[in-house]
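# Examination of the molecular architecture
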Amino acid sequence: MMPTFFYTAARSLSIPLLHGIWRPRVSGVENVPREGGFIVASNHLAYIDSAIIPIAIPRPVHFVAKDDLWQKKGPVGRATAWFFEQVGAVPVDRQALSSGKGALQAGLEILRRGDGFGIYPEGGRSKDSLLHPGKQGAAWLALESGCPVIPVGLKGTPHFRPRRLLPERGAISVRIGAPIDFSDLDPGLSKGARRRQMTARIMDEIQALSGQRRSPVAHQDPQP
């Protein structure tokens with residue numbers, strides 16, 4: 001799926017704005033595949049993460065969003081729906097999103113058509129800045145699609161404050177890791193066992209990139 005004109009234009013304008021004002025540190029761009037589907041597995045610290053990642057990564061990355069955003073009425077509702085369509089967000093109903101199945105099926109369709117899909121393995125935004133145990137969604141997508149998993153470690157995105165005229169520069173960093181190698185996993189293991197091992201490796205890679213301390217408590221909020 002080709003990015004829309006709005007997506008391309010908005011990204012082109014956002015990059016110099018973001019770098020000129022906040023000067024985020026972005027590294028590892030060369031690790032993003034030039035073609036084919038790919039999974040971006042990232043930690044999640046702030047709502048702005050889903051905007052920072054597509055700006056940092058040179059290929060379009062799609063995220064799922066609650067379909068409520070498409071159902072608002074009036075001019076604002078139509079404008080909101082148009083915006084999310086233009087940036088490639090995928091509407092998923094609240095129940096399916098809460099269960100995780102709807103998001104994964106939507107992600108699988110995106111990957112199979114050769115595009116990038118972003119997922120937060122923790123299952124939601126970390127409110128304590130710790131890295132919580134990962135759910136198996138990213139591993140499931142990798143097994144079902146055969147697409148590579150690109151780990152991303154975000155730092156400092158909670159410092160992004162739109163109301164502040166001069167936010168702290170250099171506080172935000174995006175570290176993009178190399179595709180995770182799962183080739184050493186025993187092919188004789190069940191899919192469940194492989195997903196668990198893959199998830200553990202994904203979270204280790206994210207932790208190495210983000211530098212976060214780990215939490216033994218799983219994230220309880222099902223919303224992304």
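Refer to the structure presented above.
In what follows, the accompanying structure is described. (Residues numbered from 1 in each chain as written. Predicted model: local features only at pLDDT ≥ 70, side-chain atom pairs only at ≥ 80, totals over all residues. Heavy atoms only, no water.)

## Focus: the environment of Asp 184
- Among the secondary structure elements, Asp 184 is positioned in the loop between strand 8 (173-176) and helix 7 (191-210).
- Separated by 2.7 Å, the side chains of Asp 184 and Arg 201 make a polar contact. (Helix = DSSP H or I, 4+ residues; strand = E, 2+ residues; numbered from the N terminus. Polar contact = N/O pair within 3.5 Å; in protein donor to acceptor, adjacent residues only side chain to side chain.)

## Description of the pattern of salt bridges
- Evaluated as defined, the whole model comprises four salt bridges.
- For the salt bridge of Arg 113 with Asp 115, the shortest nitrogen-to-oxygen distance reads 2.8 Å.
- Look at Arg 113 and you get partly exposed, because its relative accessible area is 39%.
- Judged by its relative accessible area of 8%, Asp 115 is buried.
- In this structure, the salt-bridge partner of Arg 214 is Asp 204, at a minimum N-O distance of 3.2 Å. Here Arg 214, found in the segment after helix 7, pairs with Asp 204, found in helix 7; they are ten residues apart in sequence, far enough to count as distant. (Salt bridge = Lys/Arg side-chain N within 4 Å of Asp/Glu carboxyl O. Buried < 20%, exposed > 50% of the residue type's maximum accessible area, 1.4 Å probe, protein only.)

## A look at helix 2 (residues 49-56)
- Helix 2 sits mainly inside the fold: six of its eight residues count as buried.
- Of the residues making up helix 2, those classed as buried are Asp 49, Ile 52, Ile 53, Pro 54, Ile 55 and Ala 56.

## A word on the side chain of Asn 31
- Structurally, Asn 31 is set in the loop between strand 1 (25-27) and strand 2 (38-42).
- Here the side chain of Asn 31 touches Ile 176 through a polar contact of 2.9 Å, landing on its backbone oxygen.
- Sequence-distant contacts of Asn 31, defined by excluding residues within four places in its chain, comprise Ile 150, Ile 176, Gly 177, Ala 178 and Pro 179. (Contact = heavy atoms within 4.5 Å.)

## Comments concerning the pairing of strand 8
- The pairing of strand 1 with strand 8 spans three bridges and is classified as parallel. Residue pairing for strand 8: Val 26 is matched across the bridge by Val 174.
- Bridge count between strand 7 (residues 149-155) and strand 8: four bridges; the pairing is antiparallel. Looking across to strand 8, one finds that Gly 153 is bridged to Arg 175. (Pairing = 2+ DSSP bridges.)

## Description of helix 6 (residues 137-145)
- Every buried residue of helix 6 is accounted for by Gly 137, Ala 138, Ala 139, Leu 141 and Ala 142.
- Buried-residue contacts for helix 6 involve strand 2, helix 5 (101-112), strand 6 (116-119), strand 7 and helix 7.
- A positive phi of about 75° marks Gly 146, the residue just after helix 6.

## Section: the sheet that holds strand 6
- Judged by pairing direction, the sheet is mixed, and its six strands sit side by side in the order 1-8-7-2-6-3 without closing on themselves. Since the sheet does not close on itself, it has two edges, and those belong to strand 1 and strand 3 (61-62), each with one partner.
- The strands touched by helix 7 within the sheet are strand 2, strand 7 and strand 8, with strand 7 carrying the most contacts at an inclination of about 35°. (Axes fitted to C-alpha atoms, helices over the stretch in contact; angles between N-to-C directions.)

## Description of the packing of helix 6 against helix 7
- At a closest axis distance of 8 Å, the pairing of helix 6 and helix 7 adopts a crossing angle of 120°. Classified by the angle between their axes, helix 6 and helix 7 sit oblique to one another. The chirality of how helix 6 crosses helix 7 is right-handed. Here helix 6 contributes Ala 138, Ala 139, Trp 140, Ala 142, Leu 143 and Glu 144 to the contact with helix 7, which in turn contributes Lys 191, Arg 194, Arg 195, Met 198, Thr 199 and Ile 202.
- Each residue belonging to the contact of helix 6 with helix 7 can be placed in one class, and the counts come to seven nonpolar, one polar and four charged. (Parallel < 35°, antiparallel > 145°, perpendicular 65-115°, else oblique. Left-handed = near helix turned anticlockwise from the far one by under 90°. Nonpolar A, V, L, I, M, F, W, Y, C, P; charged D, E, K, R; others polar.)

On their own, these measurements won't tell you what the molecule is for.
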